[in-house]
Amino acid sequence: MIEELHIVGGGMAGSEAAWQAANLGVPVVLHEMRPERGTFAHKTGNLGEMVCSNSFRSDDHEQNAVGLLHWEMKAAGGLIMDAAYRHRLPAGGALAVDRELFAEDITAALSAHPNVRVSYEEVTELPDQGRWIFATGPLTSDALGQSIARATGSDALAFFDAIAPIVHAESIDMDVAWMQSRYDKGETEDERRAYLNCPMDRETYEAFIDALLAADKTEFHEGETAGYFDGCLPIEVMAERGRETLRHGPMKPVGLTNANDPENKPYAVVQLRRDNALGTLFNIVGFQTKMKYGAQKEVFRMIPGLENARFARLGGIHRNTFLNSPTLLDAGMRLRAQPNVRFAGQITGVEGYVESAAMGLLAGRMAAAEALGTALEPAPQDSAHGALVHHITGGAEAKTFQPMNVNFGLFRPLEGLRGGRKGRRERYKAYTDRAKEAWTGWLEGQAAGAAQTEAAE
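Residues numbered from 1 in each chain as written. Predicted model: local features only at pLDDT ≥ 70, side-chain atom pairs only at ≥ 80, totals over all residues. Heavy atoms only, no water.

**Comments concerning the overall build of the chain**
Each helix and strand counted, the chain has 13 helices and 17 strands in total. Over its C-alpha trace the chain gives a radius of gyration of 22 Å, about what one expects of a compact globule, namely 23 Å for 457 residues. Across its three principal directions, the C-alpha atoms of the chain cover 75 × 50 × 45 Å. Burial status across the chain gives 57% buried among its 457 residues. Put simply, of all contacts in the chain between residues at least 6 apart along the chain, 71% involve residues at least 24 apart. Split by element, the accessible area of the chain, about 19,500 Å² in all, is 49% carbon and sulfur. Between the mean site of the 46 positive side-chain charges and the mean site of the 61 negative ones, the chain shows a separation of 4 Å. (Helix = DSSP H or I, 4+ residues; strand = E, 2+ residues; numbered from the N terminus. Rg over C-alpha atoms; globule rule 2.2 N^0.38 Å. Buried < 20%, exposed > 50% of the residue type's maximum accessible area, 1.4 Å probe, protein only. Contact = heavy atoms within 4.5 Å. Areas by Shrake-Rupley, 256 points an atom, 1.4 Å probe, with all protein chains shown as cover. Lys, Arg positive; Asp, Glu negative; His and termini not counted. Charge placed at Lys NZ, Arg CZ, Asp CG, Glu CD.)

**Examining the environment of Ala 22**
As for its placement among the helices and strands, Ala 22 is situated in helix α1 (residues 12-23). A residue is classified by how much of its surface remains accessible, and Ala 22, at 2% relative accessible area, is buried. In the structure, Ala 22 is positioned 91 residues away from His 113 in sequence and 7.7 Å away in space, judged by C-alpha atoms. If we ignore the near neighbours within four places in the chain, the residues touching Ala 22 are Val 28, His 113, Asn 115 and Val 116.

**Side note on the environment of Arg 99**
By the secondary structure assignment, Arg 99 is in helix α4 (residues 99-112). A sequence separation of 12 residues divides Arg 99 from His 87, and the C-alpha atoms of the two residues are 8.2 Å apart. Within the structure, the side chain of Arg 99 is placed 3.2 Å from the backbone oxygen of Met 50, a separation counted as a polar contact. One polar contact links Arg 99 to Asp 275, side chain to side chain, over a distance of 2.5 Å. (Polar contact = N/O pair within 3.5 Å; in protein donor to acceptor, adjacent residues only side chain to side chain.)

**Focus: unusual backbone geometry**
Phi is positive for Arg 57, close to 65°, though the residue is something other than glycine. Within the secondary structure, Arg 57 sits in strand β3 (residues 55-58). The backbone of Asp 184 sits at a positive phi, close to 55°, despite the residue not being glycine. Among the structural elements, Asp 184 can be located in the loop between β10 (178-179) and α6 (189-192).

**Describing the sheet that holds strand β6 (residues 116-119)**
Taken together, six strands build an open sheet; the order of strands is β6-β2-β1-β7-β17-β16 and the sheet is mixed. Both outer strands of the open sheet, β6 and β16 (334-335), are each paired with one neighbouring strand and no more. Alignment of strand β1 (residues 5-8) against strand β2 (residues 28-31), held across four bridges, turns out to be parallel. When the sheet's bridge partners are listed, His 6 is paired in β2 with Val 29. (Pairing = 2+ DSSP bridges.)

**With respect to the pairing of strand β13 (residues 281-284)**
Working note: regular strand, side chains alternate between the two faces of the sheet. Burial along β13 is two-sided: Leu 281 and Asn 283 facing one way and Phe 282 and Ile 284 facing the other are all buried. Two elements, strand β9 (residues 166-168) and β13, share three bridges in a ladder whose sense is antiparallel. Across the sheet, the residue bridging to Val 167 is Phe 282, located in β13. For strand β12 (residues 268-274) and β13, the ladder comprises three bridges, and the chain directions are antiparallel. Bridging across to β13, Arg 274 finds its partner in Phe 282. Counting the residues between successive antiparallel strands, the hairpin from β12 to β13 contains six residues, one of them, Gly 279, with a positive phi of roughly 75°.

Rendered as structure tokens:
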């Protein structure tokens with residue numbers, strides 16, 4: 001009889017891990033504390049709920065490392081990517097989803113799987129018996145966090161994640177705002193008009209920055225430190241780095257022409273991306289914030305077109321924990337001090353929904369192979385999955401370890417290719433071609449190994 005695999009956390013990583021293991025024939029118990037115990041960021045008890053954004057970022061699997069992860073996960077029969085494509089929203093070259101339909105789909109699929117049992121309760125300790133994957137994500141409960149700290153012999157590192165606000169579409173002034181993706185990117189008209197743009201002249205921008213810097217902010221509790229991950233900086237923190245920082249970041253005005261006033265080039269542009277299939281909700285792109293709620297309404301209504309904005313959700317900030325994985329985890333993502341426990345997802349020090357789900361995919365397959373007694377080669381380092389897991393479990397410098405998005409800088413170089421910006425397209429295509437070949441071979445090898453084991457039995 002195959003031993004049950006216990007997975008703690010029903011987010012991207014835990015859901016994907018459960019799906020992969022269950023499809024390989026391993027009975028899975030998926031433990032999720034919501035809705036019995038909620039979090040600051042989550043609003044429902046659904047599995048796979050998205051809280052920070054509704055985007056999986058670029059879907060370009062030939063020129064972008066995260067797009068390559070999409071391709072690899074799809075090739076591996078990934079639940080997260082399958083649901084994402086099924087509930088896709090226009091977003092230029094990005095993969096954005098209707099977050100409610102997406103989470104409902106994930107919940108229904110796992111609840112209906114014959115090898116999955118969902119158990120709604122909080123797990124507060126690292127068990128010393130059985131097979132476990134902990135994919136509790138950035139909002140690991142205090143009790144479990146303390147148990148992890150005891151098991152690792154060191155404190156988990158911490159930083160803060162900020163959440164962007166969501167606006168009701170009907171409250172946006174379309175005589176001021178217009179629909180256009182940057183550089184008109186996208187294959188369809190919907191994709192080329194996937195973003196809503198609010199223009200600012202220089203005077204408005206300067207007043208906005210002044211208000212942003214002066215606004216009341218959330219204070220940290222004693223003992224907390226504000227070590228932000230650069231990919232999710234609150235806009236106030238960016239503004240504190242220099243008055244022009246936002247104009248060269250989320251508010252850059254390039255690649256856009258104001259349809260309401262084409263003769264005047266905006267000094268800065270605030271973009272909003274559709275957040276649901278109905279097009280009734282838009283989130284403000286890159287506008288994660290730690291401003292207090294009252295201040296958010298005042299400051300964001302200074303944005304042209306949002307003067308009468310109604311907010312479905314205001315921004316927020318929460319504590320985010322992750323392990324020093326290069327020190328604590330082995331190549332199989334097992335806790336060195338307690339090998340019956342694996343970790344997956346954002347708690348391992350990867351950043352982003354896609355990366356978290358990808359680590360869940362690997363952890364689920366690794367744990368399933370172990371439970372089935374089949375040999376499983378490590379994920380090939382030349383694949384996006386392999387490059388990322390190699391980085392967090394040994395490739396990164398432990399002393400300076402920080403959350404990492406997948407990127408081509410994690411890939412082993414290819415000889416004979418032109419360097420620099422001019423050679424980038426050829427180089428990236430070569431990386432993705434090599435990765436796809438390596439990943440396909442790894443999947444085929446695992447399938448053949450499983451078939452041999454089944455035949456022997």
